[in-house]
Amino acid sequence: MKEKSLDQSFSDSRELDGSFDPLTDSLEDDFELSTVCHRPEDLEKLQELTRFTKKELQVLYRGFKNECPSGVVNEDTFKLIYSQFFPQGDSSTYAHFLFEAFDTNKNGSVSFEDFVTGLSIILRGSINDRLGWAFNLYDLDKDGCITKEEMMYVMRSIYDMMGKYTYPCLHADTPREHVESFFKKMDRNNDGVVTIEEFIESCRKDDNIMQSMQLFDSII
């Protein structure tokens, strides 16, 4: 397939954020071409890859480009952005796990395509799609199963992120108690690990988890 020219890629990105105006943008093009190191796929392709509309993609891209003018975000920047949402706690470890889940190419950066593809699963995917994405988040070494230690790492990072001043107050051993409870439900054959089948089956039977997933339906 013929590779897009630099100018064509730039036009696609301007179409994506809804800001392209051939009559007024000619003077800005040279500057933006020198600062943007990654340009997203065109709108049609992103619509095919995700469950977002053209307008939703444009809104998301404007926000992404505002935070990441270069077109990609590295882990340090991702952590900094994420920390703004949880000033009362330490979100760095959880943000690391989240970044790893979005960085599907494992190249140390998250592009707009990476971001909206993952976000589409979280917000618009089927229940199994969403649970599969969550399973991948907990499966830290990506070996196809979750150990109690992996779940503990992620669970503790969530409690660290929420901070010490939550209500009701969280005790130091609360994450471990929750992990023990989850594993007792999920590890059906008692082999010490949770497979994706066990994870999805257990989550689908948990009313609280199912209700929390429905909250994502109206976010965008």
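Residues numbered from 1 in each chain as written. Predicted model: local features only at pLDDT ≥ 70, side-chain atom pairs only at ≥ 80, totals over all residues. Heavy atoms only, no water.

Examining the overall build of the protein chain
- Helix and strand content of the protein chain: twelve helices and four strands.
- Among the 220 residues that make up the protein chain, the fraction classed as buried is 42%.
- Considering only contacts within the protein chain whose residues lie at least 6 apart along the sequence, 61% involve residues at least 24 apart.
- Surface accessibility of the protein chain: about 12,900 Å² in total, with carbon and sulfur atoms responsible for 54%. (Helix = DSSP H or I, 4+ residues; strand = E, 2+ residues; numbered from the N terminus. Buried < 20%, exposed > 50% of the residue type's maximum accessible area, 1.4 Å probe, protein only. Contact = heavy atoms within 4.5 Å. Areas by Shrake-Rupley, 256 points an atom, 1.4 Å probe, with all protein chains shown as cover.)

Observations concerning helix H7 (residues 112-124)
- Over its 13 residues, H7 runs 17 Å from end to end, which matches the ideal 18 Å to within 8%, given 1.5 Å per residue.
- Of the residues making up H7, those classed as buried are Phe-112, Glu-113, Asp-114, Val-116, Gly-118, Leu-119, Ser-120, Ile-122 and Leu-123. (Expected span 1.5 Å × (residues − 1).)

Some remarks on the side chain of Ser-91
- Note that Ser-91 resides in the loop between helix H5 (75-83) and helix H6 (92-102).
- By relative accessible area, which is 3% here, Ser-91 ends up buried.

Focus on the packing of aromatic side chains
- Counted under the stated rule, the structure contains twelve aromatic pairs.
- Relative to Phe-199, the ring of Tyr-138 has its centre 6.4 Å away and its plane inclined at 50°; by these criteria the two rings are tilted. Note that Tyr-138 is positioned in helix H8 (residues 127-138) and Phe-199 in helix H11 (residues 196-204), a separation of 61 residues in sequence. One exposure class covers both Tyr-138 and Phe-199, and it is buried.
- Ring pairing ties together the aromatic residues Tyr-61, Phe-64, Phe-78, Tyr-82, Phe-86, Tyr-94, Phe-99, Phe-102, Phe-112, Phe-115 and Trp-133, which thus form one cluster. (Phe/Tyr/Trp six-rings, centres within 6.5 Å; stacked < 30°, edge-to-face > 60°.)

As for the UniProt feature "domain: EF-hand" (unreviewed entry) in the protein chain
- Per the UniProt record, "domain: EF-hand" (unreviewed entry) is found at residues 90-125, 126-161 and 174-209.
- Across residues 126-161, the secondary structure splits into 72% helix and 8% strand, with the terminal C-alpha atoms separated by 27 Å.
- Secondary structure within residues 174-209 divides into 69% helix and 8% strand; the distance between the first and last C-alpha atoms comes to 18 Å. (UniProt positions renumbered as here; feature names shortened; annotations may be inferred.)

Overview of unusual backbone geometry
- Of note in the backbone geometry, Lys-106 takes a positive phi value of approximately 55° without being a glycine.
- Within the fold, Lys-106 resides in the loop between H6 and strand E2 (109-111).
- Assessed through its relative accessible area of 46%, Lys-106 is described here as partly exposed.
- Located in the positive-phi region is Lys-142, a residue other than glycine, with phi close to 55°.

As for the pattern of salt bridges
- Overall, the coordinates contain seven salt bridges when judged by the stated rule.
- Note that Asp-206 is salt-bridged to Lys-185, the shortest N-O span being 4.0 Å. Placement of the pair is Asp-206 in the loop between H11 and helix H12 (207-214) and Lys-185 in helix H10 (residues 174-186), with a sequence separation of 21 residues.
- A relative accessible area of 14% places Asp-206 in the buried class.
- Overall, Lys-185 belongs to the partly exposed group, its relative accessible area being 46%. (Salt bridge = Lys/Arg side-chain N within 4 Å of Asp/Glu carboxyl O.)

Some details on the nonpolar core
- Of all hydrophobic cores here, the largest spans 49 residues; its most connected members are Leu-98, Leu-131 and Phe-199.
- Domain assignment of the residues forming this core places at least three in each of domain 1 (54-124) and domain 2 (127-219).
- With residues up to four places along the chain from it excluded, the contact list for Leu-98 reads Phe-78, Tyr-82, Trp-133 and Leu-137. (Core = buried A, V, L, I, M, F, W, Y, C linked by side-chain atoms within 4.5 Å. Domains from an automatic or database assignment.)

Some words on the packing of helix H4 (residues 54-67) against H7
- Remark: H4 packs on H7, axes separated minimally by 11 Å, with the N-to-C direction vectors making an angle of 125°. With respect to H7, the axis of H4 lies oblique. Crossing geometry of H4 relative to H7 is assigned as right-handed. Two secondary-structure elements touch here, H4 through Glu-56, Leu-57, Leu-60, Tyr-61 and Phe-64 and H7 through Phe-112, Phe-115, Val-116, Leu-119 and Arg-124.
- Classifying every residue of the contact of H4 with H7 by side-chain character gives eight nonpolar, no polar and two charged. (Axes fitted to C-alpha atoms, helices over the stretch in contact; angles between N-to-C directions. Parallel < 35°, antiparallel > 145°, perpendicular 65-115°, else oblique. Left-handed = near helix turned anticlockwise from the far one by under 90°. Nonpolar A, V, L, I, M, F, W, Y, C, P; charged D, E, K, R; others polar.)

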